[in-house]
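The residues making up each chain are set out below.
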Amino acid sequence: MGVEAHATNERVTGRRWTVRLDPVGRGRADVRVSCSRPACAAQVLPSAAAGRTAAIAHLKAHLRAGPAPRPSVHCACRAEECHTHIRPAGPRERPVPWRCGGAVVLAVITDREGRWWQVLECCSRCAAAHPTAKVVATAPAAEAPARGDGFRADAPAPAIPGGPAATTPTFSAVGPHFSHSAAATGTAVPQQASGPRSSAPRSAPRSARPTRKRPPRGRIAQRLVPHDLRPVALRDELTELGELFRAYQARTEPDLAMLADLHTRKAEAFNAWAEVTADTGLRLDAQRAEQAAATARLQHLHRIGQAPDGEGPAVARLLTAPAQWNHARAVLAHVAENAPLPGAEARLLVLMVTLRTAQSGVGNLVGQDIKGLPLQDPEHLVEQLVESGWLGISGTVEELIASRPESPTRISVPSLTPDEDDPGPFTFGRKLRPKLSGWAQRVVGEKKLRKGKTGADVRLLALALATGADGEGLLGPGGEGIGLDGLSSWCSVDAGDLPDLVDRLTAADWLAEADVTGTLLTGRLTERVLPLGCPLT
């Protein structure tokens, strides 16, 4: 409690008292509730929940019975030179007093764990500087000191409430509550405090009294943005950032690049806020925001297959360069235009043989290369390719199917054999051919596609989508989707059969958020298969 003034030009220090909740002893469940006011005796309660209930009830009783905030007192925070929001100009200089200002208020401050509650009679600026402070009551605005001048000790003291010239104090519309809700702490929240009742008749009806309107306060990261925070640009930036974060949380799909930018702005704004208020907690929040921005930006680079500066590739793709991705698309386009037989199974076999002979028109093949493909009658299909003249083999079809790695069968594709007049349809080098062949084999023989016993049409669609997605896995240029006509032609199926193929790829965890519309297939490749992709550039 403050000490009464002995002269008209003196001011008393604002009141301050604390209600605490402490354990009685190690290993015991009971707790002690104590109050710093001399007339209050400590209580022992059987549990922490009962102790919090008793502590809050005790605090509410003080707020109801105690006098209203006095406009003539010194700020209780300023009396102890609170370093939370009064920043020294130098290591040996005292804090400047002009940071105190505004009307005198009665504020309740608590810790986040709900272990203590402190009541302060302080200025509104000091109350706003405490993150957990809630204003219970406000002294009459007409009797408050001028804002910006601080509380001068030589200023004449206004009339003390309850004296001859006292006026009825005004209370805030919001009662005291603490940093955690009742649901989080298991306790009730104190309600609005009541001021001392005056027996004097009212001079004007309640509706005729002037009301003080303040702009709505922004909220960011569970902090309220003080309405009197200066500069105004910082206050507006914090308020806008809070709204942007809430809008981002309402999004149906993540945008990690946007989230990284928001965290970067938050770090800059919180650093500026900390400079204004000298709040260490704000600086720590700014550091956490910088870390969150770096993490979100790294995750974004991982999704699009790019690498941070000075690091290796974020997604370890089988084909690592844009030139390789373009060559893979060129092979698929060539096979689609020059396949000698119709049907998805023939298309798949022609693709795998093309990749074995793409460089010189000749290559080696073993029986497992053909039997590993989802073909219902591989011997008959090879015979058709040989009879059409597209494929040549050394020996019979039966010998090809039975051949083993130690004795492969020599094969040739005349249309791919280069000569003086025609160098062949492909321009990649000798070292890239086995890489492209291995990539296609990995896609076609992917584990979940094999376990799901998917057909040749599903695996052809997997190849098409692997070469038709961007770095983040979104299908089509700019994520706008892939045309159904092109997919139908490549997979050698009717357009009406594509939804079933898409469902099978989704079940195999190849596709996510897939949607087949009238002309487009939209969606994205799952992160599991991103290493198999050839991103669009």
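Keep in mind it's a predicted model, so treat the numbers as computed, not measured. (Residues numbered from 1 in each chain as written. Predicted model: local features only at pLDDT ≥ 70, side-chain atom pairs only at ≥ 80, totals over all residues. Heavy atoms only, no water.)

Q: So what about the nonpolar core? Which residues, and what values?
A: Ranked by size, the top nonpolar core spans 72 residues in total, and within it Trp439, Leu465 and Trp510 carry the most contacts. Not counting residues up to four positions away in its chain, the partners in contact with Leu465 are Leu475, Ile482, Leu487, Leu505, Leu511, Leu521 and Leu525. Ranked by size, the runner-up nonpolar core spans 19 residues in total, among them Trp17, Leu21, Ala55 and Leu106. (Core = buried A, V, L, I, M, F, W, Y, C linked by side-chain atoms within 4.5 Å. Buried < 20%, exposed > 50% of the residue type's maximum accessible area, 1.4 Å probe, protein only. Contact = heavy atoms within 4.5 Å.)

Q: Break down the sheet that holds strand S15 (residues 520-525) for me, citing the residues and quoting the values.
A: Two strands in a sheet stick together by hydrogen bonds in their backbones, pointing the same way (parallel) or opposite ways (antiparallel). With respect to topology, three strands assemble into an open sheet ordered S13-S15-S14, the strand pairing being antiparallel. One side of each edge strand has no neighbouring strand; the edge strands of this open sheet are strand S13 (482-483) and strand S14 (511-516). Bridge count for S14 against S15 is four bridges, and the pairing is antiparallel. The residue bridging Asp515 from the neighbouring strand is Thr522, located in S15. (Pairing = 2+ DSSP bridges. Helix = DSSP H or I, 4+ residues; strand = E, 2+ residues; numbered from the N terminus.)

Q: Before we move on, could you go through the sheet that holds strand S11 (residues 392-393) and cite the residues and values that matter?
A: Reading across from one edge, S10-S12-S11 is the order of the three strands in this open sheet, with antiparallel pairing throughout. Edge positions in the sheet fall to strand S10 (362-365) and S11, since each has one partner strand and no second. In this structure, S11 lies alongside strand S12 (residues 409-412), joined through two bridges in antiparallel fashion. Considered in S12, the bridge of Ile393 is made with Ile411. Taken strand by strand, helix H9 (residues 344-357) contacts S10 and S12, and its axis lies near 120° from that of S10. (Axes fitted to C-alpha atoms, helices over the stretch in contact; angles between N-to-C directions.)

Q: Tell me about helix H8 (residues 322-338), and please be specific about residues and values.
A: Under the 1.5 Å per step criterion, the end-to-end length of H8 is 25 Å for 17 residues, consistent within 8% with the ideal 24 Å. By the burial criterion, the buried members of H8 are Gln324, Trp325, His327, Ala328, Arg329, Val331, Leu332, His334 and Val335. Where H8 is buried, its residues contact H9, helix H13 (432-444), helix H15 (456-466) and helix H16 (484-491). (Expected span 1.5 Å × (residues − 1).)

Q: Before we move on, can you summarise the pattern of salt bridges with the specific residues and values?
A: Throughout the structure, instances matching the rule amount to 17 salt bridges. Its salt-bridge partner being Arg15, residue Glu121 comes within 3.0 Å of it at the nearest N-O pair. Of this pair, Glu121 sits in strand S5 (residues 116-123) while Arg15 is found in the segment before strand S1 (16-23), placing the two residues 106 residues apart along the sequence. Glu121 gets classed as buried once you look at its relative accessible area, which sits at 0%. According to the relative accessible area criterion, Arg15 is buried, its value standing at 2%. As a salt-bridge pair, Glu237 and Arg265 come within 3.0 Å of each other at their nearest N and O atoms. With Glu237 in helix H5 (residues 232-249) and Arg265 in helix H6 (residues 256-277), this residue pair connects regions lying 28 residues apart in the sequence. For Glu237, a relative accessible area of 23% translates into the label partly exposed. Classification of Arg265 as partly exposed rests on a relative accessible area of 27%. Linked by salt bridges that have partners in common, Glu446, Lys448, Asp509 and Arg528 make up one network. (Salt bridge = Lys/Arg side-chain N within 4 Å of Asp/Glu carboxyl O.)

Q: Hey, could you go over the side chain of Thr110 for me, with residue numbers and the actual values?
A: When you line up the elements, Thr110 lands in strand S4 (residues 104-110). Among the polar contacts listed, one links the side chain of Thr110 to the backbone oxygen of Trp116, at a separation of 2.9 Å. (Polar contact = N/O pair within 3.5 Å; in protein donor to acceptor, adjacent residues only side chain to side chain.)

Q: Mind laying out a negative patch on the surface, listing which residues take part and the relevant values?
A: Side chains of Asp377, Glu379, Glu398 and Glu399 sit close together on the surface and give a patch of like negative charge. For Glu398, the location among the structural elements is in helix H12 (residues 397-402). (Patch = residues over 30% accessible without salt bridge, like charges linked within 9 Å, V, L, I, M, F, W, Y side chains within 5 Å. Areas by Shrake-Rupley, 256 points an atom, 1.4 Å probe, with all protein chains shown as cover. Lys, Arg positive; Asp, Glu negative; His and termini not counted. Charge placed at Lys NZ, Arg CZ, Asp CG, Glu CD.)

Q: I'd like to hear about the environment of Gly367, residue by residue, with values.
A: Within the secondary structure, Gly367 is located in helix H10 (residues 367-371). The class of Gly367 is buried, set by a relative accessible area of 0%. Once the C-alpha coordinates of Gly367 and Pro378 are considered, the two residues, eleven residues apart in sequence, prove to be 9.9 Å apart. Not counting the four nearest positions on each side in its chain, Gly367 is found in contact with Leu400, Ile401 and Ser403.

Q: Would you mind going over the environment of Val104 in detail, with residue names and values included?
A: Structurally, the position occupied by Val104 is in strand S4. Judged by relative accessible area, Val104 falls into the buried class, the value being 2%. Considering only alpha carbons, one finds Val104 and Ser72, 32 residues apart in sequence, at a separation of 8.0 Å.

Q: How would you sum up the packing of H5 against H6? Please name residues and give values.
A: In contact at an axis separation of 10 Å, H5 and H6 are set at 150° when each is read in the N-to-C sense. Considering the angle they form, H5 stands roughly antiparallel to H6. The element H5 and its partner H6 pack so that their crossing is left-handed. Contacts between H5 and H6 involve Leu234, Glu237, Leu238, Glu240, Leu241, Leu244, Phe245 and Tyr248 on the former and, on the latter, Leu256, Met258, Leu259, Leu262, His263, Arg265, Lys266, Ala269, Phe270, Ala272, Trp273 and Val276. Considering only residue class, the contact of H5 with H6 consists of 15 nonpolar, one polar and four charged. (Parallel < 35°, antiparallel > 145°, perpendicular 65-115°, else oblique. Left-handed = near helix turned anticlockwise from the far one by under 90°. Nonpolar A, V, L, I, M, F, W, Y, C, P; charged D, E, K, R; others polar.)

Q: Requested: an account of the packing of aromatic side chains, with residues and values cited.
A: Per the counting criterion, the structure on display carries two aromatic pairs. An angle of 80° between the planes, with centres 5.5 Å apart, marks the rings of Phe270 and Trp273 as edge-to-face. Remark: Trp273 and Phe270 occur in helix H6; sequence separation between them is three residues, near one turn of the helix. Here Phe270 and Trp273 have matching classes, each one buried. Between Phe426 and Phe428 the ring centres are 5.5 Å apart and the planes differ by 25°, which places this aromatic pair in the stacked class. Phe426 sits in the buried class, given a relative accessible area of 11%. In this arrangement the basic side chain of Arg37 is found over the ring face of Trp17, its NZ or CZ atom lying 4.6 Å from the centre. Lying across the ring of Phe270, Lys266 places its NZ or CZ 5.5 Å from the centre. (Phe/Tyr/Trp six-rings, centres within 6.5 Å; stacked < 30°, edge-to-face > 60°. Lys NZ or Arg CZ within 6 Å of the ring centre and 35° of its normal.)

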